[in-house]
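Now for the letters of each chain:
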Amino acid sequence: MAYTALITGASSGIGQELAKIHASKGGNLVLVARNKIKLDKLKSELVEKYRISVSIMVMDLSVEGSAQKIYDQTTLEKIQIDCLINNAGFGDFGFFSLTDTEKQVNMINLNIIALTLLTKLYLKDMLDRKGGRIMNVASIAAFQPGPKMAVYSATKAYVLSFSQAVGNEVRHQGVTITALCPGATESGFQEAASMQHSKMFNKAKLPSSKEVAEYGYDAMIKGRSVAIPGFLNNIMADAVGFIPRNWVLKLVRKIQDAA
Ligand SMILES: NC(=O)C1=CN([C@@H]2O[C@H](COP(=O)(O)OP(=O)(O)OC[C@H]3O[C@@H](n4cnc5c(N)ncnc54)[C@H](OP(=O)(O)O)[C@@H]3O)[C@@H](O)[C@H]2O)C=CC1
Ligand SMILES: N[C@@H](C=O)C(=O)O
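Residues numbered from 1 in each chain as written. Chains lettered and ligands numbered in written order. Predicted model: local features only at pLDDT ≥ 70, side-chain atom pairs only at ≥ 80, totals over all residues. Heavy atoms only, no water.

Peer 1: Mind laying out the overall build of the protein chain, listing which residues take part and the relevant values?
Peer 2: Each helix and strand in the protein chain was counted, giving 9 helices and 7 strands. Its C-alpha atoms give the protein chain a radius of gyration of 18 Å, within 12% of the compact-globule value 18 Å for 259 residues. Taking the principal axes of its C-alpha atoms as reference, the protein chain extends roughly 50 × 40 × 35 Å. A buried classification covers 49% of the 259 residues belonging to the protein chain. Considering only contacts within the protein chain whose residues lie at least 6 apart along the sequence, 69% involve residues at least 24 apart. Of the side chains in the protein chain, 30 bear a positive and 22 a negative charge, and the two mean positions are spaced by 4 Å. (Helix = DSSP H or I, 4+ residues; strand = E, 2+ residues; numbered from the N terminus. Rg over C-alpha atoms; globule rule 2.2 N^0.38 Å. Buried < 20%, exposed > 50% of the residue type's maximum accessible area, 1.4 Å probe, protein only. Contact = heavy atoms within 4.5 Å. Lys, Arg positive; Asp, Glu negative; His and termini not counted. Charge placed at Lys NZ, Arg CZ, Asp CG, Glu CD.)

Structure, rendered in structure tokens:
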């Protein structure tokens with residue numbers, strides 16, 4: 001029986017690439033996002049190429065009750081989710097006092113609430129079966145506070161902390177939880193976060209969504225707790241623990257001011 005992965009945010013970027021990787025290994029898919037056209041296109045491509053089963057669920061995960069609806073649908077269709085990838089997320093660049101309140105709240109609902117509830121719902125079934133893989137997509141932004149992306153960085157710090165803690169709780173029960181912490185990556189993220197002109201994203205060469213997805217998928221299959229693509233991102237994540245906190249804040253602010 002093919003291994004089924006549910007991937008949120010599969011219509012673009014890292015999530016779309018994760019779907020392609022899983023399909024290439026013969027895995028079935030449940031793809032969740034808001035953009036039906038993109039999901040239908042990806043489904044057709046993957047079914048045609050790999051002869052796998054692909055279900056799509058068009059859902060705004062920032063809306064209350066959406067996680068339960070997804071779980072209820074896969075249960076109704078008797079789709080066993082062997083691998084849950086909570087990838088959907090977005091950022092918002094700017095001073096907190098000036099950002100749009102609704103967008104900030106939606107970010108918390110998506111990046112934290114939906115991720116937490118989907119983990120809660122599917123983890124129970126995985127524990128009952130004594131088997132399963134979960135990947136929660138955090139960020140390198142999780143390792144320190146982020147002036148001018150204060151809420152986003154805080155949501156990713158939650159994802160990292162939550163994933164490591166629950167992963168430890170279930171570590172001998174056949175289920176692993178991996179927190180993927182990418183740095184700036186080529187995807188639709190920068191447009192959604194109003195960072196199209198950010199120097200952070202206009203560097204000569206950013207890793208592609210495909211590269212990040214390949215790294216993350218491999219780490220998830222190996223059951224690694226934290227996966228940080230990129231040598232410099234790993235150095236940064238480790239260094240933060242040794243640098244005085246106010247220095248870290250000043251450094252991040254300097255980077256964001258240049259963004
Ligand atoms: N790119 C980067 O620099 C980095 C990204 N990340 C994280 O990686 C993850 C993937 O982002 P990335 O691929 O880069 O960006 P993209 O913008 O390309 O993809 C984001 C995905 O999330 C989905 N999504 C957004 N809002 C919602 C919503 N309300 N309900 C359901 N799905 C939603 C989008 O689909 P749709 O619009 O169809 O709903 C899309 O498929 C995010 O969690 C992001 O925080 C972490 C570090 C760096
Ligand atoms: N996309 C980046 C934010 O600026 C990140 O999440 O690291």
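Peer 1: Could you give me a rundown of the site of ligand 1, with the residues and numbers involved?
Peer 2: What surrounds ligand 1 is a group of 30 residues, the closest being Ser 11, Ser 12, Arg 34, Asn 87 and Ser 187. Taking Ser 12, its side chain carries an N or O atom lying 2.5 Å from an oxygen atom of ligand 1. Starting from 880 Å² of accessible surface for ligand 1 in isolation, the protein chains cover 93%. Mapped by element, the contributors of at least two residues to the shell around ligand 1 are helix 1 (13–24) and helix 5 (150–169). Of the residues in the shell around ligand 1, the class split is 14 nonpolar, 13 polar and 3 charged. (Near = heavy atom within 4 Å. Polar contact = N/O pair within 3.5 Å; in protein donor to acceptor, adjacent residues only side chain to side chain. Areas by Shrake-Rupley, 256 points an atom, 1.4 Å probe, with all protein chains shown as cover. Nonpolar A, V, L, I, M, F, W, Y, C, P; charged D, E, K, R; others polar.)

Peer 1: Any chance you could break down the nonpolar core for me, citing the residues and the numbers?
Peer 2: Leu 6, Val 32, Leu 61, Ile 70, Leu 84 and Tyr 122 are the most contacted members of the largest nonpolar core, which has 48 residues in total. Sorting the residues of this core by element identifies strand 2 (28–33), helix 3 (66–76), helix 4 (101–129), helix 5 and strand 6 (175–180) as the ones contributing at least two each. Sort the elements by how many residues they give to this core and helix 4 lands first, with 9 residues. Those residues in contact with Leu 84 that lie beyond four places of it in its chain are Leu 6, Leu 118, Thr 119, Tyr 122, Met 126, Arg 133, Ile 134 and Met 135. (Core = buried A, V, L, I, M, F, W, Y, C linked by side-chain atoms within 4.5 Å.)

Peer 1: Outline the side chain of Thr 178, listing residues and values.
Peer 2: Within the secondary structure, Thr 178 is located in strand 6. You can call Thr 178 buried: its relative accessible area is 0%. At 2.6 Å, the side chain of Thr 178 forms a polar contact with the backbone oxygen of Arg 224. Setting aside residues up to four positions removed in sequence, Thr 178 forms contacts with Ile 134, Met 135, Asn 136, Ala 219, Met 220, Gly 223, Arg 224, Ser 225 and Ala 227.

Peer 1: Can you tell me about the packing of helix 1 against helix 7 (residues 209–222), naming the residues and giving the values?
Peer 2: As a packed pair, helix 1 and helix 7 sit with axes 8 Å apart at the nearest point and diverge in direction by 55 degrees. Between helix 1 and helix 7, the angle falls in the class oblique. Judged by the sense of rotation from one axis to the other, the crossing of helix 1 with helix 7 is right-handed. Counted together, Gly 13, Ile 14, Glu 17, Leu 18, Ile 21 and His 22 of helix 1 and Ser 209, Lys 210, Val 212, Ala 213, Glu 214 and Tyr 217 of helix 7 form the full contact between these two elements. Partitioning the contact of helix 1 with helix 7 into residue classes produces 6 nonpolar, 3 polar and 3 charged. (Axes fitted to C-alpha atoms, helices over the stretch in contact; angles between N-to-C directions. Parallel < 35°, antiparallel > 145°, perpendicular 65-115°, else oblique. Left-handed = near helix turned anticlockwise from the far one by under 90°.)

Peer 1: Tell me what's going on with the packing of aromatic side chains, and back it up with residues and numbers.
Peer 2: Taken as a whole, this structure holds 3 aromatic pairs when the rule is applied. Aromatic pair Tyr 71 and Tyr 122: ring centres 5.1 Å apart, planes at 70 degrees, arrangement edge-to-face. Of this pair, Tyr 71 sits in helix 3 while Tyr 122 sits in helix 4, placing them 51 residues apart in sequence. No difference in accessibility class separates Tyr 71 from Tyr 122, as the two residues are buried. Arranged with centres 5.5 Å apart and planes meeting at 10 degrees, the rings of Tyr 158 and Phe 162 form a pair that is stacked. Here Tyr 158 pairs with Phe 162, and both are found in helix 5, just 4 residues apart, close to one helical turn. (Phe/Tyr/Trp six-rings, centres within 6.5 Å; stacked < 30°, edge-to-face > 60°.)

Peer 1: Break down the sheet that holds strand 6 for me, with residues and values.
Peer 2: Taking strand neighbours across the sheet as the criterion, the 7 strands line up as 3-2-1-4-5-6-7 in an open arrangement whose pairing is parallel. Only two strands of the sheet have a single partner each, and these edge strands are strand 3 (54–58) and strand 7 (226–227). (Pairing = 2+ DSSP bridges.)

Peer 1: Break down the pattern of salt bridges for me, citing the residues and quoting the values.
Peer 2: Scanning the entire structure with this criterion turns up 8 salt bridges. One salt bridge in this structure joins Asp 128 and Lys 124, with 3.0 Å as the shortest N-O distance. Of the two residues, Asp 128 and Lys 124 are both situated in helix 4; the distance of 4 residues between them amounts to about one turn of the helix. With respect to burial, Asp 128 and Lys 124 carry one shared label: exposed. (Salt bridge = Lys/Arg side-chain N within 4 Å of Asp/Glu carboxyl O.)

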